[in-house]
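# Breakdown of the fold
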Amino acid sequence: MSALYFHIPFCRKACAYCNFYFQTNLALEDELVLALIQEFLQRKRAWKNGIETLYFGGGTPSILKNSNLELIVDTLKQNLDFSEIQEITLECNPEDISPEKLKFWKKLGFTRLSMGVQSFFDEELKNMGRNHQANQSIKALEDIVQSDFKENFSIDLIYGNPINDTFWKKNLEIVKKFHPPHLSCYALTVEPDTKLAYRISKGKNLPIKDQKAVQDFEYLRKWAQENTYDHYELSNFAKQGKRSQHNQAYWQGKNYIGIGPGAHSFSGNERRWNISNNPKYIQSIRQKTCFWEVEKLSTKDRFNEWLMVSLRRASGIHKEELLNFPLDFQKEFWENMKFQKMYFIESPKNLQLKPEHWMISDGIIAEFFIV
């Protein structure tokens, strides 16, 4: 069984911090949707053993016309056993939410929504270059909790925004009013070649401060515990039974299939990624020429990736999984552990990063990489 991901590479506006592939010109929407369907059909061998989770991400999937979203889903229903699919998620933005849209998405078969709120304050939204306003998020959440998605939706938030030191706590208090079953919270990060990076370099935006992100994260951890959220992965929090099954497939090293421009796929020993260009992707699909690159993963690559995804999870490393790698890798791991032990909680079966060290997890994990 695999996880299936559809990348919808369209947005109404470019967020200042975003470095994912997308276009704001929707002129190619109809052609792109047909190309997505063709790629899915062409890759039948990849999903022949069944699909466990289905995720529409982007970009902004909720921007698609109803007829195009329906066309994709109908094609999937004709080729997949939907009774086997445990979770079907649609990413959406507040400005696309309405009672009518919610009913339509539910009728199509979506079981879960993931909404990009990021902040409930217009000052922060403006700083991040978001397209929606705070009142649209409130209205969207009011609609969701009155819909059939009320038991299975997620909110995305961004912390570490330098605009106002009090906004993060207030954001979480607003979240509390809507009782979302799932939260994804990310630190505001300055990625190269983004509008945010440019604006900070020109003094038009306040610089991002690591200490602010650390303070917000620590407050988030305590808030989540007090409000019965399970902090099951570095950036993810869930009520009981509401973890993201699709995202867990990535963190557990399961196979996944990415459809669309810029989408990535993983099949154990091989990684594949599609061209990040809508017109070239469409043309390649039509002409049946190659639109992807493939990387064969070495044992070292697989080991390092296993470390990286495992130590982002609250459950950490399962020691028995270490036995799947060469003996010299195991020896080097335990040798490194002698110097890093203060960061871990060890049990007979697991090695977990202490929660207070999660914000520096990248640096700790790097000490265990095989180079």
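Look a little higher up for the structure.
This write-up is about the structure you can find in this document.

### Regarding the overall build of the protein chain
- Across its full length, the protein chain holds 15 helices and 15 strands.
- The C-alpha radius of gyration computed for the protein chain amounts to 21 Å, which stays within 12% of the reference 21 Å derived for 371 residues, consistent with globular compactness.
- Along the first, second and third principal axes, the C-alpha set of the protein chain runs to 60 × 50 × 45 Å.
- Restricting to contacts in the protein chain with at least 6 residues of sequence separation, those with at least 24 account for 68%.

### Re the packing of aromatic side chains
- Overall, the coordinates contain 21 aromatic pairs when judged by the stated rule.
- On the numbers, 5.4 Å between centres and 75° between planes, the contact of F56 with F110 is edge-to-face. Of this pair, F56 sits in strand 2 (residues 51-58) while F110 sits in the loop between helix 4 (99-108) and strand 4 (112-118); the two residues are 54 residues apart in sequence, bridging distant segments of the chain. Comparing F56 with F110, the two get one shared label, buried.
- Among the aromatic side chains, those forming a connected cluster through ring pairs are F6, F40, W47, F56 and F110.

### As for helix 9 (residues 210-226)
- The end-to-end C-alpha distance of helix 9, which contains 17 residues, comes to 25 Å, matching closely the 24 Å that a straight helix rising 1.5 Å per residue would cover.
- In this fold, the buried residues of helix 9 make contact with strand 5 (153-159), helix 7 (167-178), strand 6 (182-187), strand 7 (230-233) and strand 8 (236-238).

### Structural notes on the packing of helix 7 against helix 9
- Across the interface, helix 7 lies against helix 9 with an axial gap of 10 Å and an inter-helix angle of 25°. With respect to helix 9, the axis of helix 7 lies roughly parallel. Remark: the crossing between helix 7 and helix 9 carries right-handed chirality. The segment helix 7 lies against helix 9, with W168, K169, L172, E173, V175 and K176 engaging D216, Y219, L220 and W223.
- Tallied by class, the residues present in the contact of helix 7 with helix 9 amount to six nonpolar, no polar and four charged.

### A look at the sheet that holds strand 15 (residues 350-353)
- In spatial order, the strands read 13-15-14; together these three strands make up an open sheet with antiparallel pairing. Here the strands that pair on one side only, and so sit at the sheet edges, are strand 13 (317-318) and strand 14 (344-346).
- Relative to strand 15, strand 13 runs antiparallel, the two being bridged by two bridges. Residue pairing for strand 15: H318 is matched across the bridge by N350.

### Considerations on the packing of helix 1 (residues 29-42) against helix 3 (residues 66-79)
- Contact geometry of helix 1 with helix 3 gives a least axis separation of 10 Å together with a crossing angle of 10°. Here helix 1 is positioned roughly parallel relative to helix 3, judged by the angle of their axes. Two secondary-structure elements touch here, helix 1 through E29, D30, V33, L34, L36, I37, F40 and L41 and helix 3 through N68, L71, I72, T75, L76 and N79.
- Grouping the constituent residues of the contact of helix 1 with helix 3 by class yields nine nonpolar, three polar and two charged.

### Comments concerning the nonpolar core
- Within the largest apolar cluster, 84 residues are counted, with the highest numbers of intra-cluster contacts made by L4, F6, F56, W105, F110 and L157.
- Other than its neighbours up to four places away in sequence, W105 contacts S62, L69, L90, C92, D96, I97, F110, L113 and F149.
- In terms of nonpolar packing, the next biggest core, distinct from the first, is built from nine residues, C15, A134, I158 and L188 among them.

### Considerations on helix 4
- Among all positions in helix 4, only K101, L102, F104, W105 and L108 are buried. Mapping the buried residues of helix 4 onto a view down its axis gives an arc of 165°, with all of them on the same face. Pointing more than 90 degrees away from the buried face of helix 4 are the exposed residues E100, K103 and K107.
- On its buried face, helix 4 is in contact with helix 3, strand 3 (87-92), strand 4 and helix 6 (134-144).
- Just downstream of helix 4, G109 is the residue with a positive phi angle, here 120°.

### Here's the deal with the pairing of strand 9 (residues 256-259)
- Here strand 9 shows no split at all, with Y256 and G258 on one side and I257 and I259 on the other all buried.
- In terms of strand pairing, strand 1 (residues 2-8) meets strand 9 through four bridges, oriented parallel. Across the sheet, the residue bridging to F6 is I259, located in strand 9.

### Section: a positive patch on the surface
- Together, K13, K126, K195, R199, K202 and K204 give the surface a local cluster of positive charge.
- The topology assignment puts K204 in the loop between helix 8 (195-201) and helix 9.

Calculation notes
- Residues numbered from 1 in each chain as written.
- Predicted model: local features only at pLDDT ≥ 70, side-chain atom pairs only at ≥ 80, totals over all residues.
- Heavy atoms only, no water.
- Helix = DSSP H or I, 4+ residues; strand = E, 2+ residues; numbered from the N terminus.
- Rg over C-alpha atoms; globule rule 2.2 N^0.38 Å.
- Contact = heavy atoms within 4.5 Å.
- Phe/Tyr/Trp six-rings, centres within 6.5 Å; stacked < 30°, edge-to-face > 60°.
- Buried < 20%, exposed > 50% of the residue type's maximum accessible area, 1.4 Å probe, protein only.
- Expected span 1.5 Å × (residues − 1).
- Axes fitted to C-alpha atoms, helices over the stretch in contact; angles between N-to-C directions.
- Parallel < 35°, antiparallel > 145°, perpendicular 65-115°, else oblique.
- Left-handed = near helix turned anticlockwise from the far one by under 90°.
- Nonpolar A, V, L, I, M, F, W, Y, C, P; charged D, E, K, R; others polar.
- Pairing = 2+ DSSP bridges.
- Core = buried A, V, L, I, M, F, W, Y, C linked by side-chain atoms within 4.5 Å.
- Arc of directions from axis to C-beta.
- Patch = residues over 30% accessible without salt bridge, like charges linked within 9 Å, V, L, I, M, F, W, Y side chains within 5 Å.
- Areas by Shrake-Rupley, 256 points an atom, 1.4 Å probe, with all protein chains shown as cover.
- Salt bridge = Lys/Arg side-chain N within 4 Å of Asp/Glu carboxyl O.
- Lys, Arg positive; Asp, Glu negative; His and termini not counted.
- Charge placed at Lys NZ, Arg CZ, Asp CG, Glu CD.

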